[in-house]
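Structural features, examined
What follows is the residue order along each chain.
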Amino acid sequence: MESKTRYSLVAVSGGSDSMALLDILRKEKKNLVVCHVNYGFRDSSLRDELIVRKYCEKYNLKVEVLKDIEFDNKENLENFARVTRYNFFKDIYIKYNCDYLYVGHNQDDLIETYFLQKIRDAKCDYYGLKEEIYIYEMNVKRVLLNYSKKDLEDYCLKNDIEYGVDETNFD
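As a starting point, this report considers the structure included with it. (Residues numbered from 1 in each chain as written. Predicted model: local features only at pLDDT ≥ 70, side-chain atom pairs only at ≥ 80, totals over all residues. Heavy atoms only, no water.)

With that settled, consider the sheet that holds strand 5 (residues 132–135). What the six strands build is an open sheet, ordered 3-2-1-4-6-5; its pairing is mixed. This sheet does not close on itself; its edge strands, each paired only once, are strand 3 (62–66) and strand 5. Here the strands of the sheet are splayed against their neighbours by 25 degrees on average, with no regard to which way each runs. Inspection of the sheet shows strand 1 (residues 7–11) paired to strand 2 (residues 32–37) by four bridges, in the parallel sense. When the bridges of strand 2 are listed, Leu9 appears paired with Val33. Contacting strand 1, strand 2, strand 3, strand 4 (98–102), strand 5 and strand 6 (138–141), helix 3 (residues 77–95) crosses the sheet at an angle of about 155 degrees to strand 2. (Pairing = 2+ DSSP bridges. Helix = DSSP H or I, 4+ residues; strand = E, 2+ residues; numbered from the N terminus. Axes fitted to C-alpha atoms, helices over the stretch in contact; angles between N-to-C directions. Contact = heavy atoms within 4.5 Å.)

As structure tokens, then:
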């Protein structure tokens, strides 16, 4: 009986967090599939897609890209983007028989989530972000929670990894 190759899926936006994550995982794992979502909402969306594609081409990694996404402006953009992204990830996760989905959430995201939960007086089983969760029928790992955004930017600079800066983060 032939066994199917197991892959790990990596969500990569093209920013410093996910590009550092991709590089770290590439150095320790052989069977990666990279997923990138190009919503086309920002002037720099195509630049970020090209950064991801260029890295994947350099290291001969499988890459799947979702683009030409229709948004009807009738729903919350952040929720729409999250649902669209995770549905795409799930499709690719199944397609490649993946064992994990790795995402680039870092220490800054952890702290931000914790404070937002507290400010909203959310009743949670867990405050902040868990390192491993099961959502959308996928095992999701957040292995960068002990690293700050600055740590990850420094990693990219030290290792000569190109990344994009999302200009909307400054709004």
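Anyway, onward from the coordinates.
Let's shift gears to unusual backbone geometry. If you check the backbone angles, Asn60 has positive phi at about 55 degrees while not being a glycine. Turning to its location among the elements, Asn60 is positioned in the loop between helix 2 (45–58) and strand 3. Backbone geometry places Asp160, a non-glycine residue, at a positive phi of 55 degrees. Residue position: Asp160 is located in the segment after helix 5 (149–158).

A separate point is the side chain of Asn38. Tracing the backbone through its elements, the reader meets Asn38 in the loop between strand 2 and helix 2. A distance of 2.9 Å separates a polar side-chain atom of Asn38 from the backbone nitrogen of Gly40. Polar side-chain contacts of Asn38 include one of 2.7 Å to the side chain of Glu49. Apart from residues no more than four positions distant in its own chain, Asn38 is found in contact with Ser45, Leu46, Glu49, Leu66, Lys67, Asp68 and Ile69. (Polar contact = N/O pair within 3.5 Å; in protein donor to acceptor, adjacent residues only side chain to side chain.)

For the structure on display, the rule yields twelve salt bridges. Between Asp17 and Lys149 there is a salt bridge, with the nearest N and O atoms lying 2.9 Å from each other. Of this pair, Asp17 sits in helix 1 (residues 16–28) while Lys149 is found in helix 5, placing the two residues 132 residues apart along the sequence. Judged by its relative accessible area of 29%, Lys149 falls in the partly exposed class. Counted as one network, the salt bridges with shared partners bring together Asp23, Arg26 and Lys27. (Salt bridge = Lys/Arg side-chain N within 4 Å of Asp/Glu carboxyl O. Buried < 20%, exposed > 50% of the residue type's maximum accessible area, 1.4 Å probe, protein only.)

Let us now look at the state of the cysteines. By the definition in use, this model includes zero disulfides. The cysteine Cys35 is free of any disulfide, with Cys98 supplying the nearest cysteine sulfur at 7.7 Å. Owing to a relative accessible area of 4%, Cys98 belongs among the buried residues under this scheme. (Disulfide = S-S within 2.5 Å.)

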